[in-house]
Amino acid sequence: MAEVILMPRLSDTMTEGVIAAWHKKVGDSVKKGDLLAEIETDKATMELESYQEGTLLHIGAQNGGKLQVNDLLAIIGKQGEDVSALVAQHSGGAAAPAAEPAAKETKAAESKPAEAAPAASSSIDVSKLEEVVLMPRLSDTMTEGVIAAWTKNVGDAVKKGDILAEIETDKATMELESYKNGTLLYQGAKAGEKIAVNDLLAIIGEQGKINVDEIVAAVKGGGAAPAAAQEKAAAPAAQSSAPAATAAPAQSQQVVNEGRIIASPLAKKLAEEKGVDLKYVKGSGDNGRIVKADVDTYTPSAQPAASASSASAVVSSAPAGQISFDEVPVSQMRKTIARRLSESLFTAPHFYLTMAIDMDAAVAARARINETSKVKISFNDMVLKATAVALKQHSKVNSSWLGDKIRINHHVNIGVAVAVEEGLLVPVVRFADTKSFSQIAVEVKDYAQKAKDKKLQPADWEGSTFTISNLGMFGIDQFTAIINPPDACILAVGGISQEPVVKNGQIVPGNVMKVTLSCDHRVVDGATGSAFLQTLKSLLEEPLRMLI
């Protein structure tokens with residue numbers, strides 16, 4: 001009897017998988033232990049082995065197709081066995097025709113050539129077309145993506161592994177690679193536009209061998225094909241007129257950026273609106289990255305007279321007594337920050353505990369450590385290590401609220417809030433209690449650079465059990481932070497300032513740092529949070545205790 005294979009849950013956070021590649025085709029014989037397919041999860045691409053022998057009779061999705069966990073992945077049975085009932089059972093009857101042999105479909109098409117075109121548009125199964133590229137879920141919280149930039153245009157040849165587009169998610173701008181060879185025949189949105197997860201992003205295939213309008217109509221319910229055709233007809237006209245408008249100043253300007261241009265999505269969109277070619281704009285961000293301010297202040301070097309007029313235009317654009325402002329679209333990252341932190345603040349009952357810590361011993365210890373350490377240790381590294389050690393002693397603070405249960409974590413994964421241009425990212429230092437000062441310092445610096453370069457991957461920011469937000473380096477003495485769900489607590493760290501303190505009955509100058517613990521009262525009580533802060537204080541006031 002045929003056996004059904006469902007999409008397995010290959011990671012703790014996986015909700016769906018993408019078929020990276022099938023290693024067996026329908027009709028192939030399969031042995032126990034044979035590699036069936038490579039499944040791309042939210043964290044890695046993993047190999048799926050067969051646990052039985054037989055013939056592969058049905059596959060639930062083609063290469064690049066997505067399946068939810070527990071969806072029908074494959075059916076293995078005896079050669080010639082009828083599996084239409086199993087397909088119907090696991091797909092609500094909608095996919096049953098897909099299990100029929102291809103020969104029957106060919107005969108039906110040959111016998112009714114006149115009816116082929118209308119039938120295809122109504123019965124086409126887009127999820128099984130290799131040519132279709134849907135918007136992938138590039139982070140655990142992503143619901144839509146913004147096309148930051150297309151690196152391929154319609155009509156361009158595409159090879160497997162080529163970068164198709166840069167997608168701005170709620171957490172980072174990530175590069176999307178093509179998983180097949182062909183020609184880019186369709187783009188689902190222009191640069192700067194949004195596409196929901198699983199909506200049509202692109203079509204890649206052989207020119208003239210597939211009906212693009214038919215696929216677009218099938219995806220969008222049949223009403224979008226004419227509009228898509230109009231957009232494609234209008235696009236060449238717009239593209240041909242744009243160079244004419246900008247060609248004159250561009251000829252005598254100095255090219256600053258050659259090859260791939262690194263720019264923020266906002267800068268790219270603003271440049272497009274102003275008709276500025278970014279290859280002439282010098283970036284002031286990290287690694288020469290072009291930011292919004294660079295585009296705002298850019299003036300063509302070939303026209304010195306124009307720069308004076310543009311300066312006067314800036315001055316006269318906002319005369320005294322006249323309201324003036326700029327409006328910028330909300331980025332995906334900022335939307336998610338707003339949604340998640342609003343949910344946290346308005347659903348989790350926060351309370352706050354503040355403590356002043358004598359950092360004299362920590363200041364002295366850091367100076368001695370950095371005399372011999374190959375890696376410069378920061379106070380933030382010391383706070384992170386002390387926090388990790390304290391969390392091992394106070395597991396209730398190292399907990400997660402899961403609605404109907406509380407998860408008390410025995411491992412310590414500390415999220416470190418990193419400010420980037422578009423908002424905030426929280427990469428995770430895993431098993432922080434087991435790492436030395438040097439290991440923590442290297443990892444935090446690496447994450448901070450990756451965050452600024454937008455090279456963090458989803459696995460880098462998932463799985464925190466506690467979060468630290470440090471604004472001390474910005475001159476902030478004390479503040480409160482909003483809990484990063486599902487964590488139960490977050491520690492807000494202020495700067496170290498010299499203040500008068502009483503020691504041995506005398507007032508002397510001392511190095512004082514204030515920390516504030518934000519607690520979810522559903523998980524942590526006041527006494528529990530206070531005990532944690534007492535342990536943290538004792539570790540920082542006697543740093544050698546962290547090494548025991």
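Residues numbered from 1 in each chain as written. Predicted model: local features only at pLDDT ≥ 70, side-chain atom pairs only at ≥ 80, totals over all residues. Heavy atoms only, no water.

## What to know about empty space enclosed by the protein
In this structure the tally under the stated criterion is one cavity of 30 Å³ or more. Taken as a whole, the largest cavity holds about 30 Å³ of empty space. Every residue lining the largest cavity is listed: Val416, Val418, Pro427, Val429, Val444, Tyr447 and Ala448. If one sorts the elements of the lining of the largest cavity by residue count, helix H12 (residues 437-452) sits on top with three residues. By residue class, the composition of the lining of the largest cavity is seven nonpolar, no polar and no charged. (1 Å grid on protein atoms, 1.4 Å probe; cavity = no way out; pocket = protein on both sides within 12 Å on 5 of 7 lines; lining within 4 Å. Points joined across faces, edges and corners; volume = space filled by probe spheres on them. Helix = DSSP H or I, 4+ residues; strand = E, 2+ residues; numbered from the N terminus. Nonpolar A, V, L, I, M, F, W, Y, C, P; charged D, E, K, R; others polar.)

## Concerning the sheet that holds strand E13 (residues 173-177)
Ordered by their spatial adjacency, four strands build an open sheet running E13-E12-E10-E15, and the pairing between neighbours is antiparallel. Across the chains shown, the open sheet's two edge strands, defined by having one partner strand only, are E13 and strand E15 (194-196). Sheet twist, expressed as the average angle between the axes of neighbouring strands with direction ignored, equals 40°. Direction of pairing for strand E10 (residues 144-150) relative to strand E12 (residues 163-168): antiparallel, over a ladder of four bridges. Residue pairing in the sheet places Trp150 in a bridge with Ala165 of E12. Contacts between helix H9 (residues 332-347) and the sheet are confined to E10, E12 and E15, with E10 contributing the most and set at about 160° to the helix. (Pairing = 2+ DSSP bridges. Axes fitted to C-alpha atoms, helices over the stretch in contact; angles between N-to-C directions. Contact = heavy atoms within 4.5 Å.)

## Looking at the packing of helix H11 (residues 379-393) against helix H14 (residues 526-541)
It is the contact of H11 with H14, at a shortest axis distance of 9 Å, that shows an interaxial angle of 135°. Here H11 is positioned oblique relative to H14, judged by the angle of their axes. Classified by chirality, the crossing of H14 by H11 is right-handed. Taking contact as the criterion, the partners of Met382, Val383, Ala386, Thr387, Val389, Ala390, Leu391 and Gln393 in H11 are, on H14, Phe532, Thr535, Leu536, Leu539 and Leu540. (Parallel < 35°, antiparallel > 145°, perpendicular 65-115°, else oblique. Left-handed = near helix turned anticlockwise from the far one by under 90°.)

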